[in-house]
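Observations on the model geometry
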Amino acid sequence: MSENLENINPKLYKKLDDREITVEEQDEDVADEFDAREIFDIIRNINDPEHPLTLEELNVVEPNLIEVDDKKNSVDVKFTPTIPHCSMATLIGLSIRVQLLRALPSRFKVSVEISPGTHVSEAAVNKQLADKERVAAALENSMLLGVINQCLALKD
Amino acid sequence: MASSPNFDLKERLDISFKDTTALNSLCRNIASEQTKCFVLEIKSGSIKLYTFVETLGSYMTDQNVLTREKGVTALSSVLLQLPQDYLTESELYFITTFYCNRMKDHYSIIPSVLNGIQATVNMIHFPQNASSSLLRVMFEHVQCQSQLLPERRKIYLIIKSLIETRLNDLKSMGPDLVYGIISSMDGERDPNNLLLLFNILPHFIKSFPLGHLTEEMFEVMACYFPVDFNPSGIEDLNVTREDLAEKLAPCLCAVPEFAEYCLPIIIDKSYSTLRVAKLDSLNLLRESVKIFGLSKIESYLPDLWTTLKKEVIPGRDVEIRDAALQAITSLIKVITVDETVCKNFIDKIIVDVKSSLCDVQFSLYRPAQTLLETIAAINKTICVQILQMVIPLCIGQYSTKNSLNDKIALIETLNNLMKICSYYDFCFQDVPELSWTNIPQTYLDSLTVENIELKSKIFFGLTIQKAHLNNVQRSILYNAICNEIETGCDKIQIICHTTIIDFTTLYLEEIIMLVKERLLSNIDEMEIELLKRRIKALSAIAKIRELGCIILPKIVTVLTDTVNTDIYITVLLNIQKLIALKKSDYNIHQFLYKECHIIDKLILYETNTVDHKMLISNICQLIVRNLTIEEQRAIVAKYAVALDTKIPATDVTIMMNLFTSLRKDIDLNLNNNMVENLYNLATSNCNLNTRQTSCKFLSVLLNKIKVSDLDRIVSYLENKINNNLSADNDIKLKQHTVNFQIWMTKALVMRGYAKSQYFLENLTLLLTHDEIGQFVGKQYQILVSKSEDILITENFCDVKIFYKQRVFEYLLRQNINFTSTMRQNYLIALVHLLEQMPEELLFLHLTELVPLLIESLSLSNEYLVLWTLMSFKLLLDTKHDVFSDNLQCVIPRLMQLSTHRIMGVRIAILECLTHYANYPTILINPYKQTVLNKLGVIIDDRKRLVRKAAVNARTRWYLVGASGEQSKE
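Residues numbered from 1 in each chain as written. Chains lettered and ligands numbered in written order. Predicted model: local features only at pLDDT ≥ 70, side-chain atom pairs only at ≥ 80, totals over all residues. Heavy atoms only, no water.

An unreviewed UniProt entry annotates chain B as MMS19 nucleotide excision repair protein of Mycetomoellerius zeteki. A UniProt comment under Sequence similarities (unreviewed entry) is attached to chain B, and it reads "Belongs to the MET18/MMS19 family." What UniProt states about chain B under its Subunit (unreviewed entry) heading is, verbatim, "Component of the CIA complex." (UniProt positions renumbered as here; feature names shortened; annotations may be inferred.)

Looking at an unreviewed UniProt entry, one finds chain A named MIP18 family-like domain-containing protein and attributed to Mycetomoellerius zeteki. The record in UniProt for chain A states the following under Sequence similarities (unreviewed entry): "Belongs to the MIP18 family."

Okay, here's the thing in structure tokens:
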């Protein structure tokens, strides 16, 4: 398998520390809003389809590329493929989408896109990821769903 | 019988041949009679062996196969039961020849023949030259692999005992023997037999020239490599795959001649997709190269490196990577005998991994670094060779990279290599090609960085190269350390302390100077913050004897001189930390007591703050605990009066702590006055701390006091307690009394006091008390509390083994005695108790425990529910049947509680649900949709922590029964 990797020696990034638990978060009476860090915590541990590394370690997802508006119910995630011609970009995007679909309340409108200028077929991938029908169809495919579930399974 | 033994014997044999069990017992009788004969030197004149053989003659020559078989069986059984030194050489020769002939007989006789041969070869006087002829006949006439399992085992045992004892005679057989063994074992499938063979073979292969049969010998064993074995039947349970693999490896590399067959198979199998195949190959490689030697492995080196490299870089599987690293180490150690070969091999490695090292940011940097570090540790020459390549790369990157993370990784590489160098007692600059480097200076220059992690790594690196720093560099470092102590953050301060301690091993004089002139100077007129930092540093390094003798007296003087409470507390906290250390190179406690008179000084200190009192008390306890019995007596003589008189309650707490850790032999002369005084403090004092301390102190006394005094005091206290608990008293007083009662019960149960069961029952009965039942329930756990720091063996208390188990099992048994309204208090007590029990014990009682926990979940008491969930969550991981059996009532209840008012309950529920997702799919799949729907609502909870737990649970439940789910073990 290792012979067929597109990017055999990817660049590594340091992981962020766990989010510190604040006094407000422990207070029963305060309501906490959704914020970018919370979304990031949901998707940071998704596994890369090729490497035994997480999307965070490969810098595919970053907290500052996530925008959240709790009032207007919108979440906007941008991700950066490790190399511009990465054929896994769609699969990675799909994993992020599925994870958010499962982990966010249904009131949110989620968009997952490639950060501008980081991939050769950016527009095509974005269009695929934005198409609800195609995402739903992809999840009907049990092979593909299996691959995605493996990416989403938490390592213990 | 004695009159005509021959006739008699013949008759008995005739009878017994009709019945097999009788035959066996007859043989045993004959053998024992033979033994007797031997002992009495044939005095009695009963049966002799030759008479017996003669009598058997007619059976042996009978036409009927069955009769012949019985005859041989009889003889073999007798032989098996004779003592091993009974028969002479000529007798054995005769018997052997007889058996050799029998082997040509009918196949159904063979098992008995083998029995006889096995008995014969184990005889001490077995003739030297008989073994080769025996084996020849055996190989020729007995087809080992067409025999049944027990017979095959006998054949192997015969071969084994001959190889072990008749080595020289067997050598005359030459290749025939090797061929015989090969054909006997070829195709053997039984794991126990294989284990037996693998045990014999290395010795055999090493002692006998294999000649042209080398390859055949190797192949007959190699077909088992890598061992693929799954124990299925009960009979195989004592053999594991690992046993077989471990025993097979030495066979495959027994002699250097095997190299040309073994190495290709290793290389081949290491490309396998099976994990065990890789691990076995790597382990075999590690062992085999040591035996094969350089000449045999030289031509395989390039192939071996390619194989090993793919396991080390990128090295995803840590176990395989470590096995590969060990194999490489072993391989290089073998080839170091030839310097050029070794150098070329290392050069090849260096060329291959150099590209990975060129940029620290890439994912292959770490694996390459690990590989080179492992190799560099082998010997100094290799280390130098690797340094020449790595150091320039590292230094180059260190000076050009800007990212802190990169710098940290690079410094770490340098530190690791430095550690290897310091093990070989040289530094980078000693290598001629690297003399241009100035690592100490680079490190010292970097001390100004802000990043804490990097800075701590630099301090660490400087500590490693402490032997190679010159005067100037050292004084720069000392300056830096002093600055950090005065301004740095906590983590750096601690690192500075360890750095100082490390340097004392080499530069004690300098460090003493540093302490005297820098750290201890101007201590009287210093700004408070600065002084606190200095005190922290000084007490941290005081664990070194030479430094402690200078530092501790000064610090203790600060205690008496200072007027500032802040400083005072800092000193106390640091002393507490110092004396709580498990090991130090001198007796700090005694030094503080004798040289610094710390106890007197502490007791004189006047304060009204509770925390300070507690701190002082704790220090006193820790110090007294480590004093000799004479010193403890002296303290008692000086201060024990305080317990007798009614001195102010606040002071008494310190006294009590002073006496908590006395040895058992020291008698405090407890009289009723004292006990009454202490009891009143424990139950009626208005201060919570005083009450607690008194409770604990009294329990320590009760635990340690002589049995003769105990009965008197206990019954006195029991009366007191009953009075306090009588109906018309204030509820607060009752609670305090119960609290004391718990402590008393604890002390008595711990020492295994005769009446302790009675007290335990009394206490449990209080759970039904309508006023204080609930209070008892919450406090019941004190009996077995994990955080116990008073009633412990360090304080010379009597702690019986398994006392916790006794309390727990007693309470569990009381289940049936609590009904209706009383159950809640009982469950509260039980659930609180669970927190304190070791998990192993809980696992033992899961079947009784879990129904009780489920019952608690259905009650309305919120805190009971929360506590129950905590234990429940912990136990869920066992995946015990009792949880699966109760799924249909637990999961709906959990869902119901998932919108509970208390955040902690919601989180605990979600964690329990996450654990449940690991249960077998077939059990939980029916609940999947309901759980997902419910969780779909909770992921919009208003608390972030709840949402986090809900996200974990929901994403995990999505995988239940879905494709791509990892297998559940």
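Now for the overall build of chain B. Looking only at helices and strands, one finds 52 helices and zero strands in chain B. The C-alpha atoms of chain B give 40 Å as radius of gyration, which overshoots the globular expectation for 969 residues (30 Å, by more than 25%). Each principal axis of the C-alpha atoms in chain B carries an extent, and together these give about 110 × 85 × 70 Å. Within the span of chain B, comprising 969 residues, buried residues form 55% of the whole. Here the analysis covers contacts within chain B between residues at least 6 apart in sequence; of these, 73% occur between residues at least 24 apart. A total accessible area of about 43,200 Å² is found for chain B, and carbon and sulfur atoms account for 53% of it. In chain B, 100 positive and 108 negative side-chain charges are present, and the distance between their average locations comes to 4 Å. (Helix = DSSP H or I, 4+ residues; strand = E, 2+ residues; numbered from the N terminus. Rg over C-alpha atoms; globule rule 2.2 N^0.38 Å. Buried < 20%, exposed > 50% of the residue type's maximum accessible area, 1.4 Å probe, protein only. Contact = heavy atoms within 4.5 Å. Areas by Shrake-Rupley, 256 points an atom, 1.4 Å probe, with all protein chains shown as cover. Lys, Arg positive; Asp, Glu negative; His and termini not counted. Charge placed at Lys NZ, Arg CZ, Asp CG, Glu CD.)

Once that is clear, we can look at the overall build of chain A. Counting secondary structure elements, chain A contains six helices and three strands. Over its C-alpha atoms chain A spans a radius of gyration of 16 Å, differing by no more than 12% from the 15 Å that the globule rule assigns to 156 residues. Structurally, chain A occupies a C-alpha span of about 55 × 35 × 30 Å along its principal axes. Counting only residues that meet the buried cut, chain A has 46% of its 156 residues in that class. At a minimum sequence separation of 6, the contacts of chain A that also span at least 24 residues come to 66%. Within the structure as shown, chain A displays about 8,400 Å² of accessible surface, and the carbon and sulfur contribution to it stands at 51%. Charged side chains in chain A number 17 positive and 30 negative. The centres of these two groups are separated by 5 Å.

Right, let's get into the nonpolar core. In this structure, Ile96(A), Met217(B), Met221(B), Phe258(B), Tyr780(B), Tyr916(B) and Trp957(B) are the most contacted members of the largest nonpolar core, which totals 386 residues. Here the element with the most residues in this core is helix 20 (residues 380-400) of chain B; it accounts for 12 residues. The residue makeup of this core includes at least three contributed by each of domain 1 (699-837) and domain 2 (844-968) of chain B. Beyond its immediate chain neighbours, meaning those up to four positions away, Tyr916(B) contacts Phe872(B), Leu876(B), Phe883(B), Leu887(B), Val890(B), Ile891(B), Leu894(B), Ile924(B) and Trp957(B). (Core = buried A, V, L, I, M, F, W, Y, C linked by side-chain atoms within 4.5 Å. Domains from an automatic or database assignment.)

With that settled, the discussion passes to the domain arrangement of chain B. All names here are of chain B. Its domain assignment divides chain B into domain 1 (699-837) and domain 2 (844-968). The interface of domain 1 with domain 2 comprises 15 residues on the first partner and 14 residues on the second. Approximately 1,300 Å² of surface area, both sides summed, lies buried where domain 1 meets domain 2, with 71% of it carried by carbon and sulfur atoms. In this assembly, domain 1 and domain 2 are joined by one salt bridge. (Buried area = accessible area lost by both parts, 1.4 Å probe. Salt bridge = Lys/Arg side-chain N within 4 Å of Asp/Glu carboxyl O.)

All names here are of chain B. Of the residues in chain B, 93% have a pLDDT of 70 or more, and the chain-wide mean is 85. The model gives residues 35-45 a pLDDT under 50, and that stretch makes seven contacts with residues more than four places away or in other chains. For this predicted complex, the interface score ipTM comes out at 0.94, alongside a pTM of 0.76. (pLDDT = per-residue confidence, 0-100.)

This part covers unusual backbone geometry. Residues and elements named next belong to chain B. The omega torsion across phenylalanine 225 and proline 226 is -10 degrees, close enough to zero to call that bond cis. The residue proline 226 is located in the loop between helix 12 (214-222) and helix 13 (241-252) in this model. The backbone of lysine 879 sits at a positive phi, close to 55 degrees, despite the residue not being glycine. Along the chain, the position of lysine 879 falls in the loop between helix 46 (862-876) and helix 47 (881-885).

Time to look at the pairing of strand 3 (residues 109-114) of chain A. Residue and element names in this part refer to chain A. Because side chains alternate across strand 3, one face comprises the buried residues Val110, Val112 and Ile114, and the other comprises Lys109, Ser111 and Glu113, none of which is buried. In the sheet, strand 2 (residues 74-79) pairs with strand 3 via six bridges, with the strands oriented parallel. Residue pairing in the sheet places lysine 78 in a bridge with glutamate 113 of strand 3. Handedness of the crossover is the feature at issue here: the chain leaves strand 2, passes through helix 3 (residues 89-103), returns alongside strand 3, and the resulting connection is right-handed. (Pairing = 2+ DSSP bridges. Right-handed = clockwise from strand over helix to strand, strands pointing away.)

Take the side chain of Arg534(B) next. Residues and elements named next belong to chain B. Mapped onto the fold, arginine 534 is located in helix 27 (residues 528-541). For arginine 534, a relative accessible area of 8% puts it in the buried group. Here the side chain of arginine 534 touches leucine 519 through a polar contact of 3.2 Å, landing on its backbone oxygen. Beyond its immediate chain neighbours, meaning those up to four positions away, arginine 534 contacts Glu486, Arg518, Leu519, Ser521 and Met526. (Polar contact = N/O pair within 3.5 Å; in protein donor to acceptor, adjacent residues only side chain to side chain.)

This part covers the interface of chain A and chain B. Of the residues lining the interface, 40 residues belong to chain A; the matching set on chain B comes to 28 residues. Both faces combined, the contact of chain A with chain B buries some 3,100 Å², and carbon together with sulfur accounts for 50% of it. Interface area lost by chain A to chain B is led by Asn9(A), Glu28(A) and Arg102(A), which between them contribute 22%. One can count seven salt bridges joining chain A with chain B. In this structure, Glu38(A) engages Arg947(B) in a salt bridge whose closest nitrogen and oxygen atoms are separated by 2.7 Å. Summed over the shared surface of chain A and chain B, the result is 18 residue pairs in polar contact (both at pLDDT 80 or more). Contributing elements (two or more residues each) for the side of chain A that touches chain B: helix 1 (23-26), helix 2 (36-43), helix 3 and helix 6 (142-152) of chain A. Here the side of chain A that touches chain B gets five residues from one element, more than from any other, and that element is helix 6 of chain A. Of the residues contributing to the side of chain A that touches chain B, the split by class is 18 nonpolar, eight polar and 14 charged. (Nonpolar A, V, L, I, M, F, W, Y, C, P; charged D, E, K, R; others polar.)

Once that is clear, we can look at the environment of Glu450(B). Residue and element names in this part refer to chain B. For glutamate 450, the position within the fold is in the loop between helix 22 (439-446) and helix 23 (452-464). Residue glutamate 450 is classed as exposed on the basis of its relative accessible area, which comes to 71%. Considering only alpha carbons, one finds glutamate 450 and glycine 488, 38 residues apart in sequence, at a separation of 9.8 Å.

The next subject is helix 45 (residues 846-857) of chain B. All names here are of chain B. Helix length check: helix 45, at 12 residues, gives a terminal C-alpha distance of 16 Å against a target of 16 Å (1.5 Å per residue), a fit within 8%. Every buried residue belonging to helix 45 is among Leu846, Leu849, Val850, Leu852, Leu853, Ile854, Ser856 and Leu857, and all of these are buried. For helix 45, the elements touching its buried residues are helix 42 (803-813), helix 43 (823-836), helix 44 (839-844), helix 46, helix 47 and helix 48 (887-897). (Expected span 1.5 Å × (residues − 1).)

Let us look at the pattern of salt bridges. Considering all chains together, one arrives at 53 salt bridges over all chains under this definition. A salt bridge links Arg944(B) to Glu25(A); its shortest N-O distance comes to 3.0 Å. Taken together, the residues span two chains, with Arg944(B) in helix 52 (residues 944-958) and Glu25(A) in helix 1. You'll find Arg944(B) and Glu25(A) in the same group, each marked buried. Put simply, Arg19(A), Glu25(A), Asp35(A), Glu38(A), Arg944(B) and Arg947(B) are held in one network by salt bridges that share partners.

Mapped onto this numbering, the UniProt entry annotates "domain: MIP18 family-like" (unreviewed entry) at residues 38-114 of chain A. As a span, residues 38-114 of chain A carries 27% helix and 21% strand, and end to end its C-alpha atoms are 20 Å apart.

This next bit is on the packing of aromatic side chains. Residue and element names in this part refer to chain B. Applying the stated criterion across every chain yields a total of 16 aromatic pairs over all chains. Between phenylalanine 818 and tyrosine 826, the ring centres sit 4.8 Å apart and the planes meet at 15 degrees, which makes this aromatic pair stacked. Considering the side-chain rings of tyrosine 916 and tyrosine 919, the 5.2 Å spacing of their centres and the 55 degrees angle between planes classify their relative orientation as tilted. Here tyrosine 916 and tyrosine 919 have matching classes, each one buried. Among the aromatic residues, ring-to-ring pairing joins Phe218, Phe258 and Tyr261 into one connected group. When the ring centre of phenylalanine 426 is taken as reference, the NZ or CZ atom of lysine 380 above it lies at 4.7 Å. Cation over ring: lysine 407 sits above tyrosine 398, and NZ or CZ is 4.4 Å from the ring centre. (Phe/Tyr/Trp six-rings, centres within 6.5 Å; stacked < 30°, edge-to-face > 60°. Lys NZ or Arg CZ within 6 Å of the ring centre and 35° of its normal.)

A separate point is empty space enclosed by the protein. All names here are of chain B. This structure, assessed with the given rule, holds five cavities of 30 Å³ or more. Every residue along the wall of the largest cavity is listed here: Met418, Cys421, Ser422, Phe426, Cys427, Phe428, Gln429, Ile439, Pro440, Ile464, Gln465 and His468. Elements that contribute at least two residues to the lining of the largest cavity include exactly helix 21 (404-423) and helix 22. If you tally residues by element for the lining of the largest cavity, the top one is helix 21, at three residues. Residue composition of the lining of the largest cavity, grouped by class: eight nonpolar, four polar and no charged. (1 Å grid on protein atoms, 1.4 Å probe; cavity = no way out; pocket = protein on both sides within 12 Å on 5 of 7 lines; lining within 4 Å. Points joined across faces, edges and corners; volume = space filled by probe spheres on them.)

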